[in-house]
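Analysis of the macromolecular model
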Amino acid sequence: MEHSVTVEQQFEIIKRGVLDIVPEEELLAKLKKSHQTGKPLRIKLGIDPTASDIHIGFAVVLRKMRQFQDMGHQVILIVGDFTASIGDPSGKSETRPMLSAEQIRTNAETFASQFWLILDREKTTVTFNGDWLGKMSFADVVRETSRVTVARILERDDFQNRLSEGRPVGLHELLYPIAQAIDSVEVQADVEVGGSDQRFNILMGRDLQEANGMEAQVGLFLPILPGIDGVQKMSKSLGNYVAVTDEPNDMFGKIMSIPDDVMADYYTLCTDVGTDEIEAIKAGIASGSVHPMDAKKRLAREIVTIYHSAQAGVDAQAEFERVFSSREVPLDMPEINLPESELENGSIRLTRLIAIAEMASSSSEARRLIQSGAVSIDGEKITDVMGSITPIDGQTLRVGKLKFARLRMI
RNA sequence: GGGGGGAUGCCCGAGUGGUUAAAGGGGGCAGACUGUAAAUCUGUUGCCAAAGGCUACGUUGGUUCAAAUCCAACUCUCCCCA
């Protein structure tokens, strides 16, 4: 333990951005005990390998784990390779597809390379729950499931909703919380961290640990970070996410597009900006002394700084202002190589050009974009769907607000 | 094991023989406005070598000049009874 940090200080750091700690006194007691004995707490986090990239919503939980590590505690990541074959029903309105073993492995590997952007590798143990769940006998399963009542499992909202809507609920899905709880028993977790949607699963871990004669883990719940649409939870499948590996300009831009009312959440959960300062920003916006856009630029800069560098943050802001405030062309843009062979009498159909540049998902979409006035070349709008242009090396093709490309004749 | 529903585009949901690439809503995309915010308004929303063609209403097969619509089998699913 780093004795320079008192238990009370540890507790304060841990509480930042946290929605709920169940039960708070137990966490305090565990921290004290760890401080006295010098034995680190075992902090558990279950990773769902159905996703493949770490986004800043998931990073909220990882950052919390990192705080524990910085105070000397041990983080145990459990890759849910086995549980992924069940599919976490939490908050879901339908059964999740089961993943193949290969898919899970690939995802887990991608994850692994990204964890260390946030976590301290030295203080992290990575395990796969297939190692123990896969080896349980039916008798083991019966024994563990006997500790939980059906009513208890079915009382959850997600199951209730699905049942009342006449949607299917697979029997195996009822086992998910139990599987996750067995993980807690297996790794002897002191604390399990998760999003608020993990409440049920994590509390189940407490029950099962007690039933197995060990001290129950403490549940630490973090708010779910809304996606950049500001409404739904951030997730890759909804496309409303900011990946930790996003390029600085993209990252900055995505943050700028979040609705104002989730800005404070982003500040608390995704940055290290002090709580007092966040309050001051909120107050400033409320009183009109701080322009929300400036507050958001600061936010975007902070986040880019975390995953790239302070300089990258400054540069990304400059680029953002250049393109969106001054309406100039970006400094960097992808180039599209246009072979002579594509030209007919020196010109090319615009729809074809957009297709080559992969700036629309289909040529039908390219037509629509042209029709709606979203396409321009060197700032000149083109609206003729059948139109051809005579491309010149170095021209800028713009499709919609965000997509730019420079033409290169080859 | 018995009986009764249901499966439509990204999602919800209308449609019960031709006028249906399929109403309406949500979401998405684009345009205007703006702060790449919100709100609002407008357009658009299967694909292609594009005044034409192709593919689509759980799957397969059938009836018909014509099927999302009728028939058969199958698959999945929900409810009631046991």
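Source: prediction; values computed, not measured.

1. Things to note about helix α13 (residues 263-270)
Within the span of α13, buried status applies to Met 263, Tyr 266, Tyr 267, Leu 269 and Cys 270. Where α13 is buried, its residues contact α3 (56-70), α12 (248-256), α14 (275-287) and α15 (292-307).

2. What to know about the nonpolar core
Grouped together as the largest cluster of nonpolar side chains are 62 residues, with contacts concentrated most on Leu 27, Ile 56, Val 193, Leu 220, Tyr 266 and Ile 303. The greatest single-element share of this core, amounting to 8 residues, is contributed by α3. The residues contacting Ile 303, other than those within four sequence positions of it, are Ile 56, Met 251, Ile 255, Tyr 266, Cys 270 and Thr 271. Ranked by size, the runner-up nonpolar core spans 22 residues in total, among them Leu 343, Met 359, Val 375 and Ala 405.

3. Here's the deal with the sheet that holds strand β9 (residues 375-377)
The strand order across the open sheet built from 5 strands is β7-β13-β12-β9-β10, with neighbouring strands paired in mixed fashion. Two strands lie at the open edges of the sheet, namely β7 (335-338) and β10 (380-381), each paired on one side alone. Summarising the sheet, β9 and strand β12 (residues 396-399) pair through 3 bridges and their orientation is antiparallel. In the sheet register, Ser 376 faces β12, and the bridge partner there is Arg 398.

4. Digging into the protein's contact with RNA strand B
Inspection of the region around RNA strand B gives 29 residues, with Pro 259, Phe 320, Ser 363, Arg 367 and Arg 368 positioned closest. Side-chain polar atom of Ser 363 to a base nitrogen of RNA strand B: 2.6 Å apart, as the coordinates give it. For RNA strand B, a phosphate oxygen lies 2.9 Å from a polar atom in the backbone of Ser 364. Ranked by residues supplied to the surface near RNA strand B, first place goes to helix α18 (residues 363-371) with 5 residues. Looking at the surface near RNA strand B residue by residue, the class counts come to 11 nonpolar, 10 polar and 8 charged.

5. Here's the deal with the pattern of salt bridges
A complete count under the given rule lists 28 salt bridges for this structure. Of the charged contacts, one joins Asp 70 and Arg 66 as a salt bridge, the two residues approaching to 2.9 Å between their closest N and O atoms. Here Asp 70 pairs with Arg 66, and both are found in helix α3, just 4 residues apart, close to one helical turn. The partner of Glu 277 in a salt bridge is Arg 298, and the shortest N-O contact between them spans 3.0 Å.

6. Details of the environment of Leu 77
Along the chain, the position of Leu 77 falls in strand β3 (residues 74-79). On the accessibility criterion, Leu 77 (0% relative accessible area) is buried. Filtering out sequence-adjacent residues up to four positions away, Leu 77 remains in contact with Leu 45, Ile 47, Phe 115, Leu 119, Thr 124, Thr 125, Val 126 and Thr 127.

7. Remarks on the confidence of the model for chain A
Regions with low pLDDT should not have their predicted coordinates read in detail. For chain A, per-residue confidence averages 90 on the pLDDT scale, and 96% of positions sit at 70 or higher. Averaged over each element, pLDDT in chain A is lowest for helix α4 (residues 101-115) (79) and highest for strand β6 (residues 218-222) (97). Scored by ipTM, the complex comes to 0.87, with pTM at 0.88.

8. Quick word on the packing of aromatic side chains
Counted under the stated rule, the structure contains 5 aromatic pairs. Both rings, one in Phe 111 and one in Phe 115, keep their centres 5.7 Å apart while their planes meet at 5°; by these two values the pair is stacked. Remark: Phe 115 and Phe 111 occur in helix α4; sequence separation between them is 4 residues, near one turn of the helix. Judged by relative accessible area, Phe 111 falls into the buried class, the value being 3%. The exposure class of Phe 115 is buried, given its relative accessible area of 2%. Aromatic pair Phe 252 and Phe 320: ring centres 5.5 Å apart, planes at 50°, arrangement tilted. Of this pair, Phe 252 sits in helix α12 while Phe 320 sits in helix α16 (residues 310-325), placing them 68 residues apart in sequence. Classification of Phe 252 by relative accessible area gives buried; the value is 0%. Phe 320 gets classed as buried once you look at its relative accessible area, which sits at 14%. Here the aromatic cluster, defined as three or more aromatic residues joined through ring pairs, consists of Phe 58, Phe 111, Phe 115 and Trp 116. Sitting over the face of the ring of Phe 159, Arg 156 holds its NZ or CZ atom 5.2 Å from the ring centroid.

9. Section: the side chain of Glu 192
Locating Glu 192 in the fold gives a position in strand β5 (residues 191-195). The class of Glu 192 is buried, set by a relative accessible area of 2%.

10. A closer look at the pairing of β6
Among the 5 residues of β6, 5 are classified as buried, and the element is accordingly described as predominantly covered. Residues Val 218, Leu 220 and Leu 222 line one face of β6 and the alternating positions Gly 219 and Phe 221 line the opposite face, and both faces are buried. Both strand β1 (residues 20-22) and β6 contribute to a ladder of 3 bridges, which runs antiparallel. Opposite Val 22, over in β6, you have Gly 219 as the bridge partner. Two elements, β5 and β6, share 5 bridges in a ladder whose sense is parallel. Looking across to β6, one finds that Gly 194 is bridged to Phe 221. Remark: the β5/helix α11 (residues 199-211)/β6 crossover connection has right-handed handedness.

Criteria and cut-off values
What you see as residue numbers is a count from 1 along each chain, following the sequence as written. Going through the entries in the order they are written, you letter the chains from A and number the ligands from 1. In keeping with the model being predicted, local features are shown solely for residues with a pLDDT of at least 70 and side-chain atom pairs are shown and tallied solely at 80 or more, while totals for entire chains, interfaces and linings include all residues. As a rule here, side-chain values cover all heavy atoms of the structure and leave hydrogens and water aside. A 1.4 Å probe rolled over the protein chains alone gives each residue an accessible area, and that area as a share of the maximum for its type sets the label: buried under 20%, exposed over 50%, partly exposed in between. By definition, any uninterrupted DSSP run of H or I lasting at least four residues is a helix, any uninterrupted run of E lasting at least two residues is a strand, and each is numbered from the N terminus. Two residues qualify as a contact provided that any one of their heavy atoms is within 4.5 Å of a heavy atom in the partner residue. In this text, buried Ala, Val, Leu, Ile, Met, Phe, Trp, Tyr and Cys residues form a nonpolar core when linked through side-chain atoms within 4.5 Å. A pair of strands is treated as paired once DSSP finds two or more bridges between them. When we say a residue is near a molecule or strand, we mean one of its heavy atoms is within 4 Å of it. Any N or O atom pair separated by 3.5 Å or less is treated as a polar contact, with the protein-specific requirement of one donor-capable and one acceptor-capable atom, and with residues adjacent in sequence counted only for side-chain atom pairs. The residue classification treats Ala, Val, Leu, Ile, Met, Phe, Trp, Tyr, Cys and Pro as nonpolar and Asp, Glu, Lys and Arg as charged. All others, Gly included, are polar. The working definition used for a salt bridge is a side-chain nitrogen of Lys or Arg within 4 Å of a carboxyl oxygen of Asp or Glu. A residue's pLDDT is the confidence the predictor assigns to it, expressed on a 0 to 100 scale. In summary, the pairing rule links any two rings of Phe, Tyr or Trp, Trp by its six-membered ring, whose centres are within 6.5 Å, and it sorts them by plane angle into stacked for under 30 degrees, edge-to-face for over 60 and tilted for everything else. Only when the NZ atom of a Lys or the CZ atom of an Arg is both within 6 Å of the ring centre and within 35 degrees of the ring normal do we say a charge sits over the ring. A right-handed crossover is one whose linking path, passing over the helix from the first strand to the second, runs clockwise when the strands point away from the viewer.

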